[in-house]
Amino acid sequence: MFGAGALLAFSAPAAAQYFDIYGEANRTLPAAQTAYDAMDAGADDGADDDERAQRTSDLIMGLIGKAKYKEAYELYLESADLDLHPDARMGAVGHGLVAFTKDEALIAEYIAQLEAKVESASCAPCYARTFAAHHLARYYFIQNEDLPRSLEWHKKALDLALEDLAADDPARVNFAYQYAAYLRNQDLTASARAVRYTEELAFELLPRDDHLGWLYVFLANALVALDSGRTAEAADLFGRIADIGVAEWGPTDPQLLGIFQNTAILNSRLGRTRQAVEVALRAEGNQAYSDKSEHAYHQALIARLLFEDARPEEAVAYFREAMALWDGTPDEDIYLTHARISFANTLSLLGQKDESYNEEAKALLKMALPTFEALDLTSPQRREYQTLASLIYARVGELERAADTLAPVLDVNEQVLLDVYAQDQERRAVASDGTELFRDAALISLLSGDDERAWRSAQLAVISDLAMSAAALTYPGDPEGFSAALDDVRLARAAQDEARVALANGEGSASALAQASAARAAAETALGERYPDFADYLRPRPLSIAGANALLNAEEAYILPIVYSDRVVTMAITADGFAWGQSQTGPFEARELISKVRSSLDASLGADDQFDAAAAHRLFSLIFTDEIAAATSGKAKLIFPAGGALAVIPPSILVTKDQEGEPAEFLIERHAIAITPGLGGRQRARAAAPKSFAGIGAPSLAKAPANRFALRGTVVDVESISALPSLPGANEELIALKSAFDEDREGLGTLVLTGDAATEEAVRAAPLADFQVLAFATHGLVSGQIAGLSEPALVLTPDAANASPQNDGLLTASEIGRLRLAADWVVLSACNTAAGEGQASPTYSGLARAFQLAGARSLLLSHWPVRDDIATRLSVATVKASGTGVERSEALRRAQLSLMNDSADKATRSPALWAPFVIIE
């Protein structure tokens, strides 16, 4: 488990972040190096001891400026006969001791000198920061209670830097970065503000867009992105940071160790667990400066990554090696404490088969918990690891102790999560760490008999971006203005993120980033001034069990599955009750089953059916325990959340019966199925739009492919949007959909834009807010599918004569969010429209969220590329049935069953063909 406390704050020595401390060291280093080389070679240039001392001092300062602390310290030791400049002496000793030698006796002597000198030294902020680094090292390696004092000295270092250093000295940026990065261990919100200040300083002080200082600005922003749950963005930034570091320092430089470690952690969070292990193993070559404790940390990191890669037995061996290296280390050491709880987590998972592992796990918890309990309740590390400890206690059968361990942090967890969700409003406002805390809390509460708390925690564990989109429509008196102001902030933040990534990739400029940052600040200010209480209306409001009961009718059941490393827990809410059940699994079995099912669906596209019915049946049996089966028996409709591990597959494809030699039976054959961002949204009502139907699509593109059954949105490699294949079925589909709304015989109630008329300009000009049903029939693209596409988009007809970003044939998620809709239903008859913004984004976070922000109430979306003729059949049949009064999810179910049982086309029995669409309500 890698949560808020897992990423390093880049402590000494592996990534001590000091650049250009004494001015532009990069400029002075070559001259100093030349002088030293001549002196070292025995050349006699007539220099006396004073001149030699000055040259050596210059070289030491240059080496420190290049973060070559070992070399600087060794040169200092070699130059004992010279009267070195005090700054060089103190810098070499300070950086060398703290970042290289870890000699406690020498550190104590050095600190004594610093305390007497720091206020009057010629480079006061440099000494102050070194003093702060010492206390941070003590926090990580000796006494964790030194963190507050470390932060105090980091702030003092920044204040002194702003006071003493020249107004244009780039070192000011690094002092600001150091404070922001370490503040993250105590206060995420304050740290984010400090990061913004660091970036503002960078705009002013860094002389070049490729200045080494930008590495640390990107680093700070990567940590903020991570804290906001934008893991893919953080991983991209870390990749660029690593590239800059390798170019600057070489591939085996010890400063890269922390960067590589964090890159491995982020890969694990993105599901690239095997790649994460490989990165961590390669990083062992960057440990030249590491002492025993740091070697132990890295071995424990490899162990945690192996655990995440479903290799717990291998992880145990690495954990034991780490513990041996940590032998004799005080119990308060925070890294040792992290590792003990992670080791206990691994052992408790294996304890299902060997009870001795459970006893060892409990012993590790007993040693580790006091260190975390000494931290403030607001500390992310305390909340994360104490929650994990409570889960471990529950797993080994000590339920009372599990509840007692969880109780102190549970309410704080919820307050922090809801505050972040309401006030941050980034592209993914809720950090995955926060939702994991509630996933664990839900299980402990269930096992402890507290159903109400479990249900509340479970709702927060599967919270999705769609819930925020729906909340944007609830502001009393001015929902449209509120939604528009929120959208302005969201788009401004997205633009700033894009500008930052572009600069990191060498494609943008600091000035462009500065402009984007100013636009973001203006949008946030406007939101706060116009709606000062906006956060209250965006804070999620979990329902009570009784409140959820009241929102369901007798034919419905809300199913909330939660996937753990060793089990699946499912809750069911009906109009008159609450039930839950759990299924024990092998390590990470459910995660692997979900991956197998999704991969088999993707492999079936455009090929023979390769659907893994066995995996889908096993997954069904894990979710629908006896308790859940009883609660859902006879229910016509099942409603699933829009978040959680299962959101990457449509529930309709779960196999209820799988017998050799017989066709698989699917969940959709028993129940209609819908997805919702939250049951609370059912309480909202609004007036119907005055007109019935608008259809948009069938753009004028390249000649249609010879294969009539071409997939809409299949992965393409084209140089322009115009090269995408046309979709003849899309025009037929829109015509058929229009005919379903023929109650207005004069045609005033419908609108269809196809071919050359289906441009972005026409869509923006159309009165779309007047229509109850909107349909888009075209290609759907996900981020990165074609060159230059950084977000999901629908393909329209490009305007070659008036080409511009606003009329390029791509209606992006950002542009969709700016539309103003009042539709009860939006049909996205394209592909991948349920996908997230990027590779690691949560399902339903891309086009789905954009249309909800624009005002859509319900959506028909696809999980994967849809065959052209299949898309037409499913969408037309669903809309027509709905128009006759059939409930929407039931209308989709009937369309899917009709396709599944089509005797004229046996291939349609494959869920890859009939199952891509889901209803979002």
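Residues numbered from 1 in each chain as written. Predicted model: local features only at pLDDT ≥ 70, side-chain atom pairs only at ≥ 80, totals over all residues. Heavy atoms only, no water.

1. Focus: the overall build of the protein chain
Then step 1. The helix and strand inventory of the protein chain stands at 36 helices and 18 strands.
Then step 2. Here the protein chain holds 921 residues, and 61% of them are scored as buried.
Then step 3. Put simply, 73% of the contacts in the protein chain that link residues at least 6 apart link residues at least 24 apart.
Then step 4. Here the protein chain displays about 33,600 Å² of accessible surface, and carbon together with sulfur accounts for 50% of that area. (Helix = DSSP H or I, 4+ residues; strand = E, 2+ residues; numbered from the N terminus. Buried < 20%, exposed > 50% of the residue type's maximum accessible area, 1.4 Å probe, protein only. Contact = heavy atoms within 4.5 Å. Areas by Shrake-Rupley, 256 points an atom, 1.4 Å probe, with all protein chains shown as cover.)

2. Concerning helix α12 (residues 256-269)
Then step 1. Taking 1.5 Å per residue as the helical rise, α12 with its 14 residues ought to reach 20 Å, and the 20 Å between its terminal C-alpha atoms agrees with that figure.
Then step 2. Within two residues after α12, G271 carries a phi angle of roughly 90 degrees, on the positive side. (Expected span 1.5 Å × (residues − 1).)

3. Points about the side chain of T656
Then step 1. For T656, the location among the structural elements is in strand β5 (residues 655-657).
Then step 2. Excluding anything up to four places from it in sequence, T656 contacts H617, F620, E665, F666, L667 and R670.

4. Focus on the nonpolar core
Side chains of nonpolar character tend, in soluble globular proteins, to be buried together.
Then step 1. Formed by 128 residues in total, the largest nonpolar core has its most connected members in W214, W326 and W455.
Then step 2. Counting residues per element, this core draws most heavily on helix α10 (residues 213-227), which supplies twelve residues. (Core = buried A, V, L, I, M, F, W, Y, C linked by side-chain atoms within 4.5 Å.)

5. Considerations on the pattern of salt bridges
Then step 1. Under the defined criterion, the tally for this structure stands at 27 salt bridges.
Then step 2. When the shortest N-O distance is used, the salt bridge between K155 and D159 registers 2.8 Å. Here the residue K155 and the residue D159 both occupy positions in helix α7 (residues 147-164), the gap between them amounting to four residues, near one helical turn.
Then step 3. Taking relative accessible area as the criterion, K155 reaches 32% and is therefore assigned partly exposed.
Then step 4. Classification of D159 as partly exposed rests on a relative accessible area of 35%. (Salt bridge = Lys/Arg side-chain N within 4 Å of Asp/Glu carboxyl O.)

6. Quick word on helix α9 (residues 188-205)
In an α-helix, one turn spans 3.6 residues; hence positions three or four apart end up facing the same way.
Then step 1. The end-to-end C-alpha distance of α9, which contains 18 residues, comes to 25 Å, matching closely the 26 Å that a straight helix rising 1.5 Å per residue would cover.
Then step 2. Considered for burial, the residues of α9 that qualify are A190, S191, A194, V195, T198, E199, L201, A202 and L205.

7. Quick notes on the pairing of strand β16 (residues 858-862)
Then step 1. A large share of β16 lies buried, amounting to five of its five residues.
Then step 2. Residues S858, L860 and S862 of β16 are buried on one face, and the alternating residues L859 and L861, pointing to the opposite face, are buried as well.
Then step 3. Pairing analysis gives three bridges linking strand β15 (residues 825-829) to β16, with the strands arranged parallel. Counted as the bridge partner of V826 is L859 from β16.
Then step 4. As paired elements, β16 and strand β18 (residues 917-920) share four bridges and run antiparallel to each other. Considered in β18, the bridge of L861 is made with V918. (Pairing = 2+ DSSP bridges.)

8. With respect to the packing of aromatic side chains
Then step 1. Under the counting rule described, the total for this entry stands at eleven aromatic pairs.
Then step 2. Measuring from ring centre to ring centre gives 5.9 Å for W214 and F218, while their planes differ by 25 degrees; the resulting arrangement is stacked. Linking W214 with F218, this pair stays in helix α10, spanning four residues, or about one helical turn. Pair check on accessibility: W214 and F218 agree, each one buried.
Then step 3. For the pair F307 and F588, a centre-to-centre distance of 5.2 Å together with 70 degrees between the ring planes defines the contact as edge-to-face. Here the residue F307 occupies a position in helix α14 (residues 292-308), and F588 occupies one in the loop between β3 (577-584) and α27 (589-603), the gap between them amounting to 281 residues. A single burial state applies to F307 and to F588, both of which are buried. (Phe/Tyr/Trp six-rings, centres within 6.5 Å; stacked < 30°, edge-to-face > 60°.)

9. A look at the environment of R618
Then step 1. In this fold, R618 is placed in helix α28 (residues 613-623).
Then step 2. The class of R618 is partly exposed, set by a relative accessible area of 32%.
Then step 3. In sequence terms R618 and D658 are 40 residues apart; their C-alpha atoms lie 9.4 Å from each other.
Then step 4. Not counting chain neighbours up to four residues away, the residues in contact with R618 comprise Q584, E589 and L593.

10. What about the packing of α14 against helix α15 (residues 312-325)?
Then step 1. α15 packs onto α14 with a crossing angle of 165 degrees between their chain directions and a minimal axis gap of 8 Å. Viewed along their axes, α14 and α15 adopt a mutual orientation that is roughly antiparallel. With respect to the hand of their crossing, α14 and α15 are arranged in left-handed fashion. Along the contact surface, α14 presents K292, H295, A296, Q299, A300, I302, A303, R304, L306 and F307, while α15 presents P312, E314, A315, Y318, F319, E321, A322 and L325. (Axes fitted to C-alpha atoms, helices over the stretch in contact; angles between N-to-C directions. Parallel < 35°, antiparallel > 145°, perpendicular 65-115°, else oblique. Left-handed = near helix turned anticlockwise from the far one by under 90°.)

11. Some thoughts on the side chain of H671
Then step 1. Position of H671 among the secondary structure elements: in the loop between β6 (665-666) and β7 (672-676).
Then step 2. A polar contact of 2.7 Å, which involves the side chain of H671, links it to the backbone oxygen of K635. (Polar contact = N/O pair within 3.5 Å; in protein donor to acceptor, adjacent residues only side chain to side chain.)

12. Structural notes on the pairing of strand β2 (residues 567-574)
Then step 1. The element β2 is largely enclosed, with a buried count of eight among its eight residues.
Then step 2. Of the two faces of β2, the one holding R567, V569, M571 and I573 and the one holding V568, T570, A572 and T574 are both buried throughout.
Then step 3. Inspection of the sheet shows strand β1 (residues 556-563) paired to β2 by seven bridges, in the antiparallel sense. In the sheet register, I562 faces β2, and the bridge partner there is V569.
Then step 4. Adjacent in sequence and paired antiparallel, β1 and β2 are bridged by three residues.
Then step 5. The sheet contact formed by β2 and β3 spans eight bridges and is antiparallel. When the sheet's bridge partners are listed, T574 is paired in β3 with G577.
Then step 6. Linking β2 to β3, which pair antiparallel, is a turn of two residues.

13. Points about the environment of T754
Then step 1. Following the sequence through the fold, T754 ends up in strand β10 (residues 750-755).
Then step 2. A relative accessible area of 22% places T754 in the partly exposed class.
Then step 3. Sequence spacing of T754 and A730 is 24 residues, and the spatial spacing of their C-alpha atoms is 8.9 Å.
Then step 4. Setting aside its immediate chain neighbours within four residues, T754 contacts G697, A698, N731 and L734.

14. Some details on the packing of helix α16 (residues 334-350) against helix α18 (residues 380-395)
Each pair of packed helices can be summarised by the angle the axes make with each other and by the distance between the axes.
Then step 1. Direction vectors running N to C along α16 and α18 enclose 30 degrees, while the axes themselves pass 10 Å from each other. In terms of axis orientation, α16 runs roughly parallel to α18. Along this stretch, α16 crosses α18, giving a crossing that reads as left-handed. For the pair α16 and α18, contact is made by I334, H338, I341, S342, A344, N345, S348 and L349 and by Q381, Y385, L388, I392 and R395, respectively.
Then step 2. When grouped by side-chain class, the residues that make up the contact of α16 with α18 number seven nonpolar, five polar and one charged. (Nonpolar A, V, L, I, M, F, W, Y, C, P; charged D, E, K, R; others polar.)

In short, geometric facts, not functional conclusions.
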